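Given next are the chains, with one letter for each unit.
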Amino acid sequence: MRISSRNATFQQWQALLTNRTKRHRAGEFLVQGVRPITLALRHGWPIHAILLDDTRRLSQWSRDVLEQTPGVNRFALDAELMHELGGKDEESPELLAVAGMPADDLSRIEAGPGMLTLVFDRPGTPANIGALVRSADAFGASGLIVTGHAADPYDPKAVRASTGSLFAVPVVQVAGHREVVDDVITLRRNGLPVEILGSDEGGDVDLAAHDLTGPKVIAIGNETRGLSSAWREACDHILRIPMTGAASSLNAAAAGTVVLYEAARQRALQR
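Please read these numbers as outputs of a predicted model, since none were measured by experiment.

(A) Main features of the overall build of the chain. Looking only at helices and strands, one finds 10 helices and 12 strands in the chain. In terms of overall dimensions, the chain is globule-like: its C-alpha atoms have a radius of gyration of 20 Å, near the 18 Å expected for 271 residues. For the chain, the residues scored as buried account for 51% of the 271 residues in total. A separation of at least 24 residues holds for 77% of the contacts in the chain among residues at least 6 apart in sequence. As displayed, the chain offers around 12,700 Å² of accessible surface, 49% of which is attributable to carbon and sulfur atoms.

And the structure:
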């Protein structure tokens, strides 16, 4: 099907970029970029539509994408319309994908002896979510849980910042800490000794001094307000990242990355 004007169909795609409510109501989001689209396909995410720039000769990558998505609706758009949806000022993409959202179900995150689940409490910036998803992927986390009133992991800024890791690491949104704590309680009753940890500059134990092997749920607080009181009460320990210099704290995504690296380091030594 060819789209040459900003008709109702085009406006629906625009809404996926700009309107969180419509994005979640539709249960789909727009995927921009070669690596994110490639990883979405590699990890079996449902693709609802493929958008193509009908003024360009398709690259081998685009032809491969089309071969991997037989039966998916395809739309040919003018270059100007693709540019509006592409998310970059300097160029127009040759291909975009509309992907379906998975259910926000904690069972998507694998629980076991090697469980390493990161929680991001009330993040306000989509790019920070994407950056932390990327770190979770790099350091072998089981998944990322976003809790509370938070930015959207499917915001295009979050998807871009993850550089495709959103499609490789389970990301689940829940209303608050209670759902996570209840899930941990169930795992403990079933014999899995999950420890709940937090990260904060005023923590009671240095990060490297605490055993981060074994099943862990580690909470990172909001960028400006830190961990909520509810999360603090739920934690078995609060980890402190030792710092020198004038900086009083780290960016939330940076702090989460440091915690994940230390966990990965300890786990590698244990092998």
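(B) Examining the nonpolar core more closely. Phe29, Ile37, Ile47, Ile50, Leu144 and Phe167 are the most contacted members of the largest nonpolar core, which totals 49 residues. Here phenylalanine 167 is in contact with Phe29, Val31, Pro36, Leu39, Ala40, His43, Trp45 and Val159, once residues within four sequence places are set aside. Grouped together as the second largest cluster of nonpolar side chains are 20 residues, Ala219, Trp231, Cys235 and Ile238 included.

(C) Representation of unusual backbone geometry within the structure. Backbone geometry places arginine 122, a non-glycine residue, at a positive phi of 55°. Note on placement: arginine 122 falls in the loop between strand S6 (116-121) and helix H6 (126-138). The backbone of threonine 163 sits at a positive phi, close to 50°, despite the residue not being glycine.

(D) Here's a closer look at the packing of helix H3 (residues 34-42) against helix H4 (residues 60-68). Their axes nearest at 11 Å, the elements H3 and H4 cross at an angle of 25°. Judged on the interaxial angle alone, H4 and H3 are roughly parallel. Pair H3 / H4 crosses with left-handed handedness. Note on element contacts: H4 touches H3 through Trp61, Val65 and Gln68, opposite Val34, Ile37, Thr38 and Leu41. When the residues that make up the contact of H3 with H4 are grouped by side-chain class, the tally is five nonpolar, two polar and no charged.

(E) Just the sheet that holds strand S8 (residues 171-174), in detail. Spatial strand order, S8-S7-S6-S11-S9-S12-S10: seven strands in an open sheet with parallel pairing. With one partner strand each, in any of the chains shown, S8 and strand S10 (205-206) form the two edges of the open sheet. When strand S9 (residues 195-199) meets strand S11 (residues 216-220), the two strands line up parallel, connected through five bridges. What sits directly across from serine 199, in S11, is isoleucine 220.

(F) The arrangement of the side chain of glutamine 266 in detail. Structurally, glutamine 266 can be placed in helix H10 (residues 252-270). With relative accessibility at 12%, the residue glutamine 266 sits in the buried group. Each residue touching glutamine 266, except ones within four places of it in the same chain, is listed here: Leu207, Ala208, His210, Asp211, Leu212 and Thr213.

(G) Just the environment of leucine 66, in detail. One can find leucine 66 in helix H4. Taking relative accessible area as the criterion, leucine 66 reaches 13% and is therefore assigned buried. Separated by 16 residues in the primary sequence, leucine 66 and isoleucine 50 place their C-alpha atoms 8.1 Å from one another. Look past the residues within four positions of leucine 66 in its chain and what remains in contact with it is Ile50, Leu52, Leu58 and Arg74.

Definitions and cut-offs
- Residues numbered from 1 in each chain as written.
- Predicted model: local features only at pLDDT ≥ 70, side-chain atom pairs only at ≥ 80, totals over all residues.
- Heavy atoms only, no water.
- Helix = DSSP H or I, 4+ residues; strand = E, 2+ residues; numbered from the N terminus.
- Rg over C-alpha atoms; globule rule 2.2 N^0.38 Å.
- Buried < 20%, exposed > 50% of the residue type's maximum accessible area, 1.4 Å probe, protein only.
- Contact = heavy atoms within 4.5 Å.
- Areas by Shrake-Rupley, 256 points an atom, 1.4 Å probe, with all protein chains shown as cover.
- Core = buried A, V, L, I, M, F, W, Y, C linked by side-chain atoms within 4.5 Å.
- Axes fitted to C-alpha atoms, helices over the stretch in contact; angles between N-to-C directions.
- Parallel < 35°, antiparallel > 145°, perpendicular 65-115°, else oblique.
- Left-handed = near helix turned anticlockwise from the far one by under 90°.
- Nonpolar A, V, L, I, M, F, W, Y, C, P; charged D, E, K, R; others polar.
- Pairing = 2+ DSSP bridges.

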